[in-house]
Amino acid sequence: MTLSLYDTMSRSKRAFVPRDPQRVTMYVCGPTVYNFAHIGNFRPVVVFDLLFRVLRHQFGDAAVLYAANVTDVDDKINKKAADEGVPISAVTDRYLSAYNADAAALGALKPTFQPRVTETMDAIVEMIGRLIENGAAYAAEGHVLFDTQAFPDYGKLSGRPMDEMIAGARVDVAPYKRHPADFVLWKPSKANEPEWESPWGPGRPGWHIECSAMIEQVLGLPIDIHGGGIDLVFPHHENELAQGCCADKVDTYARFWMHNGFLNMAEEKMSKSLGNVALAHELLQTYPGEAIRWALLAGHYRAPLEWNGELIEQAKRALDRLYQLLVDVGRVAGDKGADVSGPDAAKVEKHLAASGFMAALVDDLNTPSAFSSLFAILNGVRAELMKPDPDWASIADQRAALLKAANLMGFLEQDPNAWFQGAADEGLKAKVEALIAARAEARAAKDWPEADRIRVQLAALNVEVMDGPTGATWRIKEQV
Ligand SMILES: [Zn+2]
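These remarks concern the structure in this document.

Reading the values: the criteria
Residues numbered from 1 in each chain as written. Predicted model: local features only at pLDDT ≥ 70, side-chain atom pairs only at ≥ 80, totals over all residues. Heavy atoms only, no water. Donors = N, O, S within 2.8 Å, 3.2 Å for Na, K, Ca; no water. Tetrahedral: all angles 85-135°; square planar, octahedral: opposite > 155°, others 65-115°. Core = buried A, V, L, I, M, F, W, Y, C linked by side-chain atoms within 4.5 Å. Buried < 20%, exposed > 50% of the residue type's maximum accessible area, 1.4 Å probe, protein only. Helix = DSSP H or I, 4+ residues; strand = E, 2+ residues; numbered from the N terminus. Axes fitted to C-alpha atoms, helices over the stretch in contact; angles between N-to-C directions. Parallel < 35°, antiparallel > 145°, perpendicular 65-115°, else oblique. Left-handed = near helix turned anticlockwise from the far one by under 90°. Contact = heavy atoms within 4.5 Å. Nonpolar A, V, L, I, M, F, W, Y, C, P; charged D, E, K, R; others polar. Pairing = 2+ DSSP bridges.

Here's the deal with the coordination of the zinc ion
Metal coordination angles have textbook ideals: 109.5 degrees for a tetrahedral set of four donors and 90 or 180 degrees for an octahedral set of six. Every protein donor of the zinc ion is listed here as Cys 29 (SG), Cys 211 (SG), His 236 (NE2) and Glu 240 (OE), and their distances to the metal cover 2.0 to 2.5 Å. Note that the zinc ion binds four donor atoms; their angles at the metal cover 82 to 132°, and the shape is irregular.

With respect to the nonpolar core
Judged by nonpolar contacts, the single largest core of 94 residues is most densely connected at Ile 292, Trp 294 and Trp 307. Ranked by the residues each element gives to this core, the list is headed by helix H10 (residues 309-336), at 13 residues. Formed by 43 residues, the second largest nonpolar core is a distinct cluster that contains Ala 67, Phe 146, Leu 219 and Cys 246.

Digging into the packing of helix H6 (residues 207-219) against helix H7 (residues 233-248)
Look at H6 against H7: their axes get within 9 Å of each other, and the N-to-C directions meet at 50°. Looking at the two axes, H6 sits oblique to H7. Read as a crossing pair, H6 and H7 show a hand that is right-handed. Contacts from Trp 207, His 208, Ile 209, Cys 211, Ser 212, Ile 215 and Glu 216 of H6 reach H7 at Pro 235, His 236, Asn 239, Glu 240, Gln 243, Gly 244, Ala 247 and Asp 248. Class assignment for the residues of the contact of H6 with H7 results in six nonpolar, six polar and three charged.

Things to note about the sheet that holds strand S5 (residues 137-140)
In space, the four strands of this open sheet follow the order S5-S6-S7-S8, with antiparallel pairing throughout. Pairing within the sheet leaves two strands with one partner each, and these edge strands are S5 and strand S8 (204-205). With three bridges joining them, strand S6 (residues 143-146) and strand S7 (residues 183-187) adopt antiparallel strand pairing. Among the inter-strand pairings, Leu 145 is bridged to a residue of S7, identified as Val 184.

Focus on the sheet that holds strand S9 (residues 223-229)
What the four strands build is an open sheet, ordered S4-S3-S9-S10; its pairing is parallel. Looking at which strands have only one partner, the edges of the open sheet turn out to be strand S4 (64-68) and strand S10 (254-260). Pairs of neighbouring strands in the sheet enclose a mean axial angle of 20°, with direction left out of account. Where S9 meets S10, six bridges bridge the pair, whose relative direction is parallel. The residue of S10 that forms the bridge with Ile 225 is Phe 256. Helix H1 (residues 42-59) rests against strand S3 (24-28), S4, S9 and S10 of the sheet, and its axis sits at about 175° to S3.

Listed below in structure tokens is the structure:
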């Protein structure tokens, strides 16, 4: 099935054919690690993680190389480190760990490469030197600037005419700039700020050059896909493109440019339970990662997404329905002694194709349509399960198709019973497990009054117990 992707440069949806199907390359601009990341920062993380998964499915896991950078040299980092009286690495290590933990909780696979600016400094200095050699950059007053007049295509990606870019840049044009649109590649550090050696004096790189140097170093030009938030098109990606093409003397920097829409936080629409929580790591204390991931993929990635409490609640309910189906299949199959563990691979594929799931995903990641396909499969299993004499082989195939599709998107990766226990803390879990064990003992000893007493205790904890042939399972009851 051919993957088609919307390309910002050509402003069209095109068939995606990698340069080399054995080596598919993708780069996505990552975080500046100076604080806990906002939920909006995780929209590109989840969107491009989904694309990474689709590419791996299409071309094989080993063929896809995905790099996402970490900006660990920045004014905001310097300020935080100075405020705390610690080296910048203390700040960046702390918030990079938090960022990676949040990304993992949201189901994002680890990128193949996660280059950091502090570890790429030699390549950055070398690339700036090459830009000067190629006549595309100049040194002035301790700075090195990119000469936008040396790149006739400057403005092509964002579609901005040069006079508009000049008007935007005119507000505060540094005297050492030859042209108002020229941008910084290297600059001197202020007193007490970290600095690195360079042929133009000690200092540090501008933001844009890091991505070009990292792409060249870890992936090589041109790459197949360059991604990021829509706010990065200008100036960041426009500048990356200009640097990369002039340094390597190539026409193409990235074959596809992909940008996700904004995540709009409407505070007045936030539910009371959610308050004004905007940090991913706080949201993750209230909601399962899969529910937040689902909410982030609820709209098409190119459209703006209205973020509010109801969106996450809806996502949670959608996942509850899917997990409930898995619980029910297990329970009914257990009751009837049916086996649903051995699906027929060919029939699984047939069910997948009939649901339209892959067709939706390869159509520029149409996630709303892919979610509908999951529910089409769910309805098929439900219908079969309700029959007096269900076709268990068909249920096994459809259930496997549902799991395969959902797993590809990073969902249904938990044990279904554990999903419904998610709202319980560890103390409560331990207490419930102990009560259930005591109840099983009482029942085995035919001590019915004791078993009843424990059942009442469990009900008081808002716990529902379901007895099955392989023992009891439990969940936290829905709050009404
Ligand atoms: Zn970048």
